[in-house]
Amino acid sequence: MRRAIERADAVLYSTPDLAPHVDWRPDATLLPVPIDTTALPVWAPAERPRVVFASRWHEVKGLAVQLAVAELLSRRLGNDVELVGVDWGPGAGLARAAGVRLVPKADHATFQRLLATAHVVMGQPTGMLAASELEALGTGVP
């Protein structure tokens, strides 16, 4: 991978967390994932309060914090809130055990519609806004 990057005419990376992987290329350019706000669904929260976890269940996405939040919400709110996430990543089973209803991975438009049904979206707790978080904000979800 490094050899390919060294020989490339241009290096683009899509999220700030990737910068350390190309730091030996001073000409590497951040080109954020484009968000087509005109294609986003309008916020239409579900009848029952819903928290949607937008990221895959993986260490690089802040898995430990995501699980802690899910466990806390589940313990304190029980059936008064629906916790929903995508069945994706090595920590998905832990999320299910923490009370998160996991839905299958789906196409992008279906995922965006899921985000738009949330009362709150939990983004990756890593200090950055990725495409999913930006799309959730674009629908109007807090």
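Structure: see above.
Everything numeric here is computed off the predicted structure, so don't read it as measured data. (Residues numbered from 1 in each chain as written. Predicted model: local features only at pLDDT ≥ 70, side-chain atom pairs only at ≥ 80, totals over all residues. Heavy atoms only, no water.)

Engineer: How should I be thinking about the layout of surface pockets in this particular structure?
Structural biologist: Any empty space left between the atoms is revealed when a probe the size of a water molecule rolls over them. Here the largest pocket defines a volume of roughly 520 Å³. Taken together, 23 residues line the largest pocket, and the ones lying closest to its centre are Ala54, Trp88, His108, Phe111 and Ser132. Breaking the lining of the largest pocket down by element, the ones donating at least two residues are helix H4 (108-116) and helix H5 (131-139). Residues of the lining of the largest pocket, tallied by class, amount to eleven nonpolar, six polar and six charged. (1 Å grid on protein atoms, 1.4 Å probe; cavity = no way out; pocket = protein on both sides within 12 Å on 5 of 7 lines; lining within 4 Å. Points joined across faces, edges and corners; volume = space filled by probe spheres on them. Helix = DSSP H or I, 4+ residues; strand = E, 2+ residues; numbered from the N terminus. Nonpolar A, V, L, I, M, F, W, Y, C, P; charged D, E, K, R; others polar.)

Engineer: It is not clear to me how the nonpolar core should be interpreted in this structure. Could you clarify?
Structural biologist: Among soluble globular proteins, nonpolar side chains are generally buried collectively. Residues Phe53, Trp57, Leu83 and Val100 are the most contacted members of the largest nonpolar core, which totals 14 residues. Only strand S3 (50-53), helix H2 (63-77) and helix H3 (92-97) provide two or more residues apiece to this core. It is H2 that provides the largest number of residues to this core, a total of three residues. Once you skip the residues sitting within four places of it in the chain, Leu83 turns out to touch Val51, Phe53, Ala70, Leu73, Ser74, Gly99, Val100 and Arg101. (Core = buried A, V, L, I, M, F, W, Y, C linked by side-chain atoms within 4.5 Å. Buried < 20%, exposed > 50% of the residue type's maximum accessible area, 1.4 Å probe, protein only. Contact = heavy atoms within 4.5 Å.)

Engineer: Explanation requested: a nonpolar patch on the surface in the structure shown.
Structural biologist: A grouping of Leu129, Leu134 and Leu137 is seen on the molecular surface, where their side chains present a nonpolar patch of about 280 Å² in accessible area. Secondary-structure assignment places Leu129 in the loop between strand S6 (120-122) and H5. A relative accessible area of 53% places Leu129 in the exposed class. (Patch = residues over 30% accessible without salt bridge, like charges linked within 9 Å, V, L, I, M, F, W, Y side chains within 5 Å. Areas by Shrake-Rupley, 256 points an atom, 1.4 Å probe, with all protein chains shown as cover. Salt bridge = Lys/Arg side-chain N within 4 Å of Asp/Glu carboxyl O.)

Shape descriptors only; they carry no functional weight alone.
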